[in-house]
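The residues making up each chain are set out below.
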Amino acid sequence: MGESPTAMRAHRDMTTVAIALIPVGIAINYLGKSLAQAVGLPLFLDTIGTMIVAVLVGPWTAAATGLTTNIVYGLTIRPTAIPFGLVNAATGITVGYLARWGWFSSWWRIVVVGVAAAVVNTVLSAPIIVLVFGGFTGSGSDAVTAFFALTGHNILKAVLSTQAIISPTDKILSALIAAVVVRNLPVRLRSRFGSG
Amino acid sequence: MPSLSSYVPRESLVHGLHPVTKLVYVACILALAVVYSTPAPLVVLLLATCCVLLAARVLRPAVRIMSRTVLLIALFLFVVRGLAEPGGNVAFALGPLAFKQAGLDVAMLISLRLFIFVAAALTLLLTTYPPYLMAALEEKKLSPRASYVVLSTMQIIPMMQARATAILEAQQARGLDTRGSLLTRVRALFALVGPLVLGSIEGVEARAMAIEARAFLVHHRRTHLYAVATSSVDRVLMVALPVLTFAFATLRFLVR
């Protein structure tokens, strides 16, 4: 059957177990914020689930997880989250390929993965934030963006600066958490999912 | 089983419409919001979408959601971009704070568009039961796997939220320190996420087997539990809405 290369790659990743994992990944993304609040950390932590799926299964299933996370956000509480679906998906692809290329083997490498995810996230979300939302997204980071904008930077620079501060911490911590979780999974489960 | 959604069950014309009709409506409203770039027609458009929300009897929940999400953004936009926009003339001043016209214009435009988008989206989301939406999309060739993922997620999240609370309380009962130094808090985070995720992932295998046993992967025509009906109103709207949108858009470009 004629399928596009992307679809074929996605299908190759996706066994039933992988598909059944996606909702759990999305739920973990969803709960990341509440968990951060529970320990009083001003972070988003909304890609832990995507990263776990990226390491366990592969980049394209992680992309699906990321994209669907924002769709579910949109369908339930925040319609304004929908434009960022592709950003979340791109994070999944980045982390997935890095994981496949062995970048989850040591703690320092995982930090690098976090930085890479932060860069991808920043570069892709900044234009959306500026063009669609005028620079503000209704979250805590808006205060930081406001500060930068009011001290003489144009709105794009303000958004990029905000992201540059917040994103690396967020993504590095998420990558570390994802790595710890995967390492603590029973080996049997890890191989069941695919990449292992 | 409680499922996560913003669906508000009411009896209204909009509730009875086919989900795809409502999707077409959202697309049309979005197109018009992009086409118009001055405040006046956008305000009219916003009022129109609010009238539809009123007709659907979901205006109050919609306003509640909009004030939670878009209002804050609008506030920041007016204040920050009003003050910070480079160049241009001053619209008015509050003491030492000079609000620039250009900044206020941008803020107005973006805020209106955001309100319109959310209002239109809520018209769909508040009046459509998620399984109906998914069933309707599957009729239009959406993959059943995608619809499974979305619906399953909506059911899992409340369950996992409850588990997360239980884990938090259990860990705190074991002396987990969730205040204190930064490092302590980060360690606390690991102690919370770990059990939550590990427990959930272990259930995934069982779920996968359950859906496979129900012929999940079979590429065959499925019979749906929910039959989503298309009424004559739907058929009319699905043609009328795009046509009207196209007409308004063309008008706007001709008049310019």
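A. Region of the structure containing the overall build of chain A. A count of helices and strands for chain A gives nine helices and zero strands. When the helices and strands of chain A are listed from N to C terminus, the series reads α-α-α-α-α-α-α-α-α. Computed over C-alpha atoms, the radius of gyration of chain A comes to 17 Å, within 12% of the 16 Å expected from 2.2 N^0.38 for 196 residues, which places it in the range of a compact globule. For chain A, the proportion of contacts with a sequence separation of at least 24, taken over those separated by at least 6, is 68%. Looking at chain A as shown, the accessible area adds up to about 7400 Å², and 69% of this sits on carbon and sulfur atoms. Across chain A, the centroid of the 12 positively charged side chains sits 9 Å from that of the 5 negatively charged ones.

B. Molecular detail of the packing of aromatic side chains. One pass over the structure, following the stated rule, counts seven aromatic pairs over all chains. Following the ring pairs from residue to residue traces out a cluster consisting of Tyr-7, Tyr-129 and Tyr-132 of chain B. The ring of Trp-107 of chain A has Arg-183 of chain A sitting right over it, with the charged end atom 4.7 Å from the ring centre.

C. Examining the state of the cysteines more closely. Residues and elements named next belong to chain B. The tally for this structure, following the rule as stated, stands at zero disulfides over all chains. The thiol sulfur of Cys-50 is not disulfide-bonded, and the nearest other cysteine sulfur, from Cys-51, lies at 7.2 Å. By relative accessible area, which is 52% here, Cys-51 ends up exposed.

D. Structural view of helix α3 (residues 39–55) of chain B. All names here are of chain B. The end-to-end C-alpha distance of α3 is 24 Å, a good match for the 24 Å that 17 residues give at a rise of 1.5 Å each. Leu-42, Leu-45, Leu-46, Thr-49 and Leu-53 are the residues of α3 that are buried. The arc that holds the buried residues of α3, viewed along the axis, is 100°, so those residues lie on one side. Facing away from the buried side of α3 by more than 90 degrees, the exposed set consists of Ala-40, Val-44, Leu-47, Cys-51 and Leu-54. Buried residues in α3 make contact with α2 (19–35), α4 (59–84) and α5 (101–125).

E. Just a positive patch on the surface, in detail. Taken together, the side chains of Arg-10, Arg-57, Arg-60, Arg-64 and Arg-68 of chain B present a region of like positive charge at the surface. Topologically, Arg-68 of chain B is positioned in helix α4.

F. The environment of Ile-22 of chain A, seen in detail. Examined against the element boundaries, Ile-22 of chain A turns out to sit in helix α2 (residues 16–38). Separated by 148 residues in sequence, Ile-22 of chain A and Asp-170 of chain A have C-alpha atoms that sit 21 Å apart.

G. Fine view of the nonpolar core. With 129 residues, the main nonpolar core has Leu-21, Ile-52 and Leu-56 of chain A together with Leu-189 and Ile-201 of chain B as its most contacted residues. Counting residues per element, this core draws most heavily on α2 of chain A, at 15 residues. Once you skip the residues sitting within four places of it in the chain, Ile-201 of chain B turns out to touch Leu-21, Val-24, Ile-52, Leu-56, Leu-185, Leu-189 and Phe-193 of chain A.

H. Looking closely at the packing of α3 of chain B against α5 of chain B. All names here are of chain B. Interhelical geometry of α3 versus α5 gives an angle of 20° and a closest axis separation of 9 Å. Taken together, the axes of α3 and α5 are roughly parallel relative to one another. Helix-helix and strand crossings are classified by hand; for α3 and α5 the assignment is left-handed. Across the interface between the two elements, Pro-39, Leu-42, Val-43, Leu-45, Leu-46, Thr-49, Val-52 and Leu-53 of α3 pack against Met-108, Leu-109, Leu-112, Arg-113, Phe-115, Ile-116, Ala-119, Leu-122 and Thr-123 of α5.

I. Spatial organisation of the environment of Val-111 of chain A. As for its position among the elements, Val-111 of chain A is in helix α6 (residues 107–133). Counting along the chain gives 60 residues from Val-111 of chain A to Lys-171 of chain A, while the straight-line C-alpha distance between them is 8.6 Å.

J. Examining the pattern of salt bridges more closely. All names here are of chain A. Scanning the entire structure with this criterion turns up one salt bridge over all chains. Between Asp-170 and Lys-171 there is a salt bridge, and its shortest N-O distance comes to 3.5 Å. For Asp-170, a relative accessible area of 1% corresponds to the buried category.

K. Examining the packing of helix α3 (residues 48–56) of chain A against helix α8 (residues 155–183) of chain A more closely. Residues and elements named next belong to chain A. Relative orientation of the contacting elements α3 and α8 amounts to 50°, with a least axis distance of 9 Å. Here α3 is positioned oblique relative to α8, judged by the angle of their axes. The crossing of α3 and α8 is right-handed. Of the residues in α8, those in contact with Ile-48, Met-51, Ile-52, Val-55 and Leu-56 of α3 are Lys-171, Ser-174, Ala-175, Ile-177, Ala-178, Val-181 and Val-182.

L. Focus on the interface of chain A and chain B. Between chain A and chain B, the residue contacts involve 56 residues of the former and 58 residues of the latter. When the buried area of chain A at its contact with chain B is split by residue, Thr-16, Val-39 and Leu-75 of chain A rank highest and sum to 13% of it. Run the count over chain A and chain B and you get zero salt bridges. At the junction of chain A with chain B, the criterion picks out five residue pairs in polar contact (both at pLDDT 80 or more). Listed by contribution, the elements that provide at least two residues to the side of chain A that touches chain B are α2, α3, α4 (59–76), α6, α7 (141–150), α8 and α9 (187–193) of chain A. No other element matches α2 of chain A, which puts 17 residues into the side of chain A that touches chain B. By residue class, the composition of the side of chain A that touches chain B is 41 nonpolar, 12 polar and three charged.

M. Looking closely at a nonpolar patch on the surface. Together, Val-115, Val-119, Val-123 and Leu-124 of chain A give the surface a local cluster of nonpolar side chains, amounting to about 310 Å² of exposed area. Counting through the fold element by element, Val-119 of chain A comes out in helix α6.

N. Inspection of the side chain of Thr-16 of chain A at higher detail. With respect to the element layout, Thr-16 of chain A can be found in helix α2. Apart from residues lying up to four places away in sequence, Thr-16 of chain A is in contact with Ala-208, Ile-211, Glu-212, Phe-216 and Leu-217 of chain B.

O. Summary view of the side chain of Lys-171 of chain A. With respect to the element layout, Lys-171 of chain A can be found in helix α8. Judged by its relative accessible area of 3%, Lys-171 of chain A falls in the buried class.

P. The arrangement of unusual backbone geometry in detail. Located in the positive-phi region is Leu-45 of chain A, a residue other than glycine, with phi close to 50°. Among the structural elements, Leu-45 of chain A can be located in the loop between α2 and α3. In this structure Leu-45 of chain A comes out as buried when scored by relative accessible area, which is 1%. Despite not being glycine, Arg-57 of chain B has its phi angle at roughly 60°, a positive value. One can find Arg-57 of chain B in the loop between α3 and α4.

Conventions we followed
- Residues numbered from 1 in each chain as written.
- Chains lettered and ligands numbered in written order.
- Predicted model: local features only at pLDDT ≥ 70, side-chain atom pairs only at ≥ 80, totals over all residues.
- Heavy atoms only, no water.
- Helix = DSSP H or I, 4+ residues; strand = E, 2+ residues; numbered from the N terminus.
- Rg over C-alpha atoms; globule rule 2.2 N^0.38 Å.
- Contact = heavy atoms within 4.5 Å.
- Areas by Shrake-Rupley, 256 points an atom, 1.4 Å probe, with all protein chains shown as cover.
- Lys, Arg positive; Asp, Glu negative; His and termini not counted.
- Charge placed at Lys NZ, Arg CZ, Asp CG, Glu CD.
- Phe/Tyr/Trp six-rings, centres within 6.5 Å; stacked < 30°, edge-to-face > 60°.
- Lys NZ or Arg CZ within 6 Å of the ring centre and 35° of its normal.
- Disulfide = S-S within 2.5 Å.
- Buried < 20%, exposed > 50% of the residue type's maximum accessible area, 1.4 Å probe, protein only.
- Expected span 1.5 Å × (residues − 1).
- Arc of directions from axis to C-beta.
- Patch = residues over 30% accessible without salt bridge, like charges linked within 9 Å, V, L, I, M, F, W, Y side chains within 5 Å.
- Salt bridge = Lys/Arg side-chain N within 4 Å of Asp/Glu carboxyl O.
- Core = buried A, V, L, I, M, F, W, Y, C linked by side-chain atoms within 4.5 Å.
- Axes fitted to C-alpha atoms, helices over the stretch in contact; angles between N-to-C directions.
- Parallel < 35°, antiparallel > 145°, perpendicular 65-115°, else oblique.
- Left-handed = near helix turned anticlockwise from the far one by under 90°.
- Buried area = accessible area lost by both parts, 1.4 Å probe.
- Polar contact = N/O pair within 3.5 Å; in protein donor to acceptor, adjacent residues only side chain to side chain.
- Nonpolar A, V, L, I, M, F, W, Y, C, P; charged D, E, K, R; others polar.

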